Amino acid sequence: MTHSHEQADLGAADAEAIAKAHAVYTPFALRLYDLVVHGLSSRVAWRCPTSRLTALYEANLSANHLEAGVGTGLFLDRTGTYFDRLVLADINTHCLDRAVRRLARFQPRSWQANLLTPLPPDPAPFDSVGLTFVLHCLPGTMTEKLVAVDHLKPLMGEGATLFGATILGHGVEPNAAARALLDLYNEKGVFNNRADDLESLARGLETRFGRVEIEQHGLVALFNAR
């Protein structure tokens, strides 16, 4: 009996943490998101300019793509890639609505999905999956966060690439701006990355994929795995 109560409590705590992590993405906040996050925070605090992330997309995108955690759809919009099939997955409907409008020329499908629970099977596998600025928001240890990757893997075709980026909170040297933002976002539950380090991310991906490349720019780990 105690065990089931503990599980229920854990499930409720996880659900609450997930809700807190994405509650900040309101329609108003999303209007400012590109300017604040990609224009200022990435360059000044995280020390990884948006151009570096756009290059990651250009190098790894396929025409048959699943974006897991969409933000505003900025990277998909900027790369100049044409999609035969584009699916956008996110837990936050405001993010989905904004990204679907921005990428309307590709006629994307949208899924409201919690990446920490199993995803609905899709009959046709994807050739690329993007997972950018998602892991640092998810609750738990890196091992627990990477369950999201376990849920994405069955949707990937033979030779498909998973790629993305996450902001590290451990084993890094934040400047004053980064320290202030890490404190604020972790306190509010927008980030849950105090213990996230490069080694645990690399180890987790290497146990799941045959080929993994990771590089660190400032506080951001950029990865691709196939």
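Residues numbered from 1 in each chain as written. Predicted model: local features only at pLDDT ≥ 70, side-chain atom pairs only at ≥ 80, totals over all residues. Heavy atoms only, no water.

A. Fine view of the overall build of the chain. The secondary structure content of the chain amounts to nine helices and seven strands. In the chain, which comprises 226 residues, the proportion classed as buried is 50%. Relative to all contacts within the chain whose residues are 6 or more apart in sequence, the contacts with residues 24 or more apart total 67%. Taken as a whole, the chain presents about 10,800 Å² of accessible surface, with 55% of it coming from carbon and sulfur. (Helix = DSSP H or I, 4+ residues; strand = E, 2+ residues; numbered from the N terminus. Buried < 20%, exposed > 50% of the residue type's maximum accessible area, 1.4 Å probe, protein only. Contact = heavy atoms within 4.5 Å. Areas by Shrake-Rupley, 256 points an atom, 1.4 Å probe, with all protein chains shown as cover.)

B. Representation of the pattern of salt bridges within the structure. Overall, the coordinates contain nine salt bridges when judged by the stated rule. Among the salt bridges present, the one from Asp77 reaches Arg105, with a minimum N-O distance of 2.8 Å. A residue pair is termed long-range when its members are at least 10 positions apart, and Asp77 in helix H4 (residues 74–78) and Arg105 in the loop between helix H5 (93–102) and strand S3 (109–112) qualify at 28 residues. By relative accessible area, Arg105 is classed as partly exposed at 45%. When the shortest N-O distance is used, the salt bridge between Arg194 and Asp183 registers 2.6 Å. Here Arg194, found in the loop between helix H8 (176–188) and helix H9 (198–206), pairs with Asp183, found in helix H8; they are eleven residues apart in sequence, far enough to count as distant. Among the ionic contacts, a cluster of salt bridges with common partners joins Asp77, Arg102 and Arg105. (Salt bridge = Lys/Arg side-chain N within 4 Å of Asp/Glu carboxyl O.)

C. Molecular detail of the side chain of Asn92. Mapping Asn92 onto the fold places it in the loop between strand S2 (85–90) and H5. In this structure the side chain of Asn92 is engaged in a polar contact, spanning 3.0 Å, whose partner is the backbone nitrogen of Cys95. (Polar contact = N/O pair within 3.5 Å; in protein donor to acceptor, adjacent residues only side chain to side chain.)

D. Looking closely at the confidence of the model for the chain. Here the chain averages 87 in pLDDT, and 82% of its residues register 70 or above. Of the regions scoring below 50 in pLDDT, residues 1–10 engages in zero contacts with residues more than four places distant in sequence or in other chains. (pLDDT = per-residue confidence, 0-100.)

E. A look at the nonpolar core. Ranked by size, the top nonpolar core spans 65 residues in total, and within it Trp46, Leu66, Leu131, Leu152 and Leu162 carry the most contacts. With six residues, the single largest contributor to this core is strand S5 (residues 156–167). (Core = buried A, V, L, I, M, F, W, Y, C linked by side-chain atoms within 4.5 Å.)

F. Summary view of H9. Those residues of H9 that sit buried are Ser200, Leu201, Ala202, Gly204 and Leu205. As for H9, its buried residues are in contact with helix H6 (142–145), S5, strand S6 (212–217) and strand S7 (220–225).

G. Structural context of H8. For H8, spanning 13 residues, the distance from its first C-alpha to its last is 18 Å, which sits close to the expected 18 Å at 1.5 Å a residue. Of all the positions in H8, only Ala178, Leu181, Leu182 and Asn186 are classed as buried. Along the axis of H8, the buried residues cluster in a sector spanning 120 degrees; they form a single face. The exposed set on the far side of H8, more than 90 degrees from its buried face, consists of Ala176, Glu187 and Lys188. Where H8 begins, the capping side chain belongs to Asn175, and its oxygen is found 3.2 Å from the backbone nitrogen of Ala177. Positioned one or two residues after H8, Gly189 has a phi angle of 85 degrees, which is positive. (Expected span 1.5 Å × (residues − 1). Arc of directions from axis to C-beta.)

H. Structural detail: unusual backbone geometry. Even without a glycine there, the phi angle at Arg47 is positive, about 55 degrees. Take Arg47: it is sitting in the loop between helix H2 (27–45) and helix H3 (50–60). One non-glycine residue, Phe133, lies in positive phi territory at about 55 degrees. Structurally, the position occupied by Phe133 is in the loop between strand S4 (126–132) and H6.

I. View of the pairing of S6. As judged from the six bridges shared by S6 and S7, these two strands associate in the antiparallel manner. Looking at S7, one finds that His217 is bridged to Val220. Joining the antiparallel neighbours S6 and S7 is a turn of two residues, in which Gly218 adopts a positive phi near 60 degrees. (Pairing = 2+ DSSP bridges.)

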